[in-house]
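For reference, the chains in residue letters:
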Amino acid sequence: RFDEDAHRWVRDWIPLTLPYFQLWTNSLILLLSSATLELARRSMVKKEEFTAMGIVPPRLKRDLPWLGITVFLGFCFLAGQVLVWNILRAQGAFLASNPSRSLFYILTGTHAIHLVGGLVVLIYAVAGRLLATRLESQRIAVEVTGWYWHYLAFLWFGIFALVHFAKG
C-alpha cells in the first residue's frame, strides 16, 4: 500500500512463522476424528438394522465408543488450536498486527467455531441414551454431522495450505 504521509510504498504483509509441529498434530487429530466418526456411523447403521427387525443389537467385543472418541478428538483439536494461538501470541503475532496474522486468526477461528457447532450435535448424539432419544434420531444426527465433519476436515487442509503458501 502507499503511505501518503511518508510518500512511499509500505509492505504490510509480513509472513507469519507458523508452529508447524502443532498444526500437523492438529491435522492428524482431525483426520483421526473423521475416521472414528465414520466408524461410529457404520456401527449405528448396523444397530439400526437389527432394531428395524425387532432384534436387540448384539454388543460386540470390538464395539468401541467411536462417537465418544470422536467428541474427545474434536475437543483435542480445539485445545490444539488454542495452543497454536497462544504460541503465536507469545511470538507477538496478534490479530491486528498485520494482514497475514489477521488472515490466519480469522480463518482458523471461523473453522474452530464451525467445529464447535458439529461437536454440539455429536454431544447430543452421545447423550442420546441418557435422553432416551430414538436410535434413528441419533443415527440421523451422526449421518448429517458426518458429512459436515468430513467437509470441515477437508476444508482444514485447504486453510492450512493457504496460510502456508501465503508468504506474500
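Everything here concerns the structure above.
What comes next concerns the included structure. (Residues numbered from 1 in each chain as written. Predicted model: local features only at pLDDT ≥ 70, side-chain atom pairs only at ≥ 80, totals over all residues. Heavy atoms only, no water.)

Here we come to the packing of helix α2 (residues 66–90) against helix α4 (residues 135–165). In contact at an axis separation of 14 Å, α2 and α4 are set at 30° when each is read in the N-to-C sense. The orientation of α2 with respect to α4, classified from their angle, is roughly parallel. With respect to the hand of their crossing, α2 and α4 are arranged in left-handed fashion. Of the residues in α4, those touching α2 at L67, T70, G74, F77 and Q81 are V142, W149 and W156. When grouped by side-chain class, the residues that make up the contact of α2 with α4 number five nonpolar, three polar and no charged. (Axes fitted to C-alpha atoms, helices over the stretch in contact; angles between N-to-C directions. Helix = DSSP H or I, 4+ residues; strand = E, 2+ residues; numbered from the N terminus. Parallel < 35°, antiparallel > 145°, perpendicular 65-115°, else oblique. Left-handed = near helix turned anticlockwise from the far one by under 90°. Contact = heavy atoms within 4.5 Å. Nonpolar A, V, L, I, M, F, W, Y, C, P; charged D, E, K, R; others polar.)

Formed by 31 residues in total, the largest nonpolar core has its most connected members in F104 and L115. If you list the elements that add at least two residues to this core, you get α1 (20–52), α2, α3 (99–126) and α4. Considering every element that reaches this core, the biggest residue donor is α4, with eight residues. When sequence neighbours within four positions are dropped, the list of residues in contact with L115 reads L30, G74, F77, L78, W149 and L152. (Core = buried A, V, L, I, M, F, W, Y, C linked by side-chain atoms within 4.5 Å. Buried < 20%, exposed > 50% of the residue type's maximum accessible area, 1.4 Å probe, protein only.)

Secondary-structure assignment places S100 in helix α3. Note on S100: relative accessible area 6%, which makes it buried. Side-chain polar atoms of S100 contact the side chain of R101, separated by 3.3 Å. (Polar contact = N/O pair within 3.5 Å; in protein donor to acceptor, adjacent residues only side chain to side chain.)

Below, the discussion takes up the packing of aromatic side chains. The full count for this structure, using the stated rule, is five aromatic pairs. Relative to W156, the ring of F77 lies with its centre 5.2 Å away and its plane at 90°, an arrangement referred to as edge-to-face. Taken as a pair, F77 in helix α2 and W156 in helix α4 lie far apart in primary sequence, 79 residues in all. Where W156 meets F160, the ring centres are 6.2 Å apart and the plane angle is 40°; that geometry is what we call tilted. Of this pair, W156 and F160 both sit in helix α4, separated by four residues, roughly a single helical turn. By relative accessible area, which is 1% here, W156 ends up buried. Note on F160: relative accessible area 6%, which makes it buried. (Phe/Tyr/Trp six-rings, centres within 6.5 Å; stacked < 30°, edge-to-face > 60°.)

Attention now moves to the pattern of salt bridges. This structure, assessed with the given rule, holds five salt bridges. Of the charged contacts, one joins E38 and R41 as a salt bridge, the two residues approaching to 2.7 Å between their closest N and O atoms. Note that E38 and R41 are positioned in helix α1 at a spacing of three residues, about one turn of the helix. R134 serves as the salt-bridge partner of E136, at 2.3 Å between the closest nitrogen and oxygen. Classification of E136 by relative accessible area gives partly exposed; the value is 34%. We classify R134 as exposed; its relative accessible area is 55%. Among the charged side chains, a salt-bridge network with shared partners connects E38, R41, R42, R139 and E143. (Salt bridge = Lys/Arg side-chain N within 4 Å of Asp/Glu carboxyl O.)

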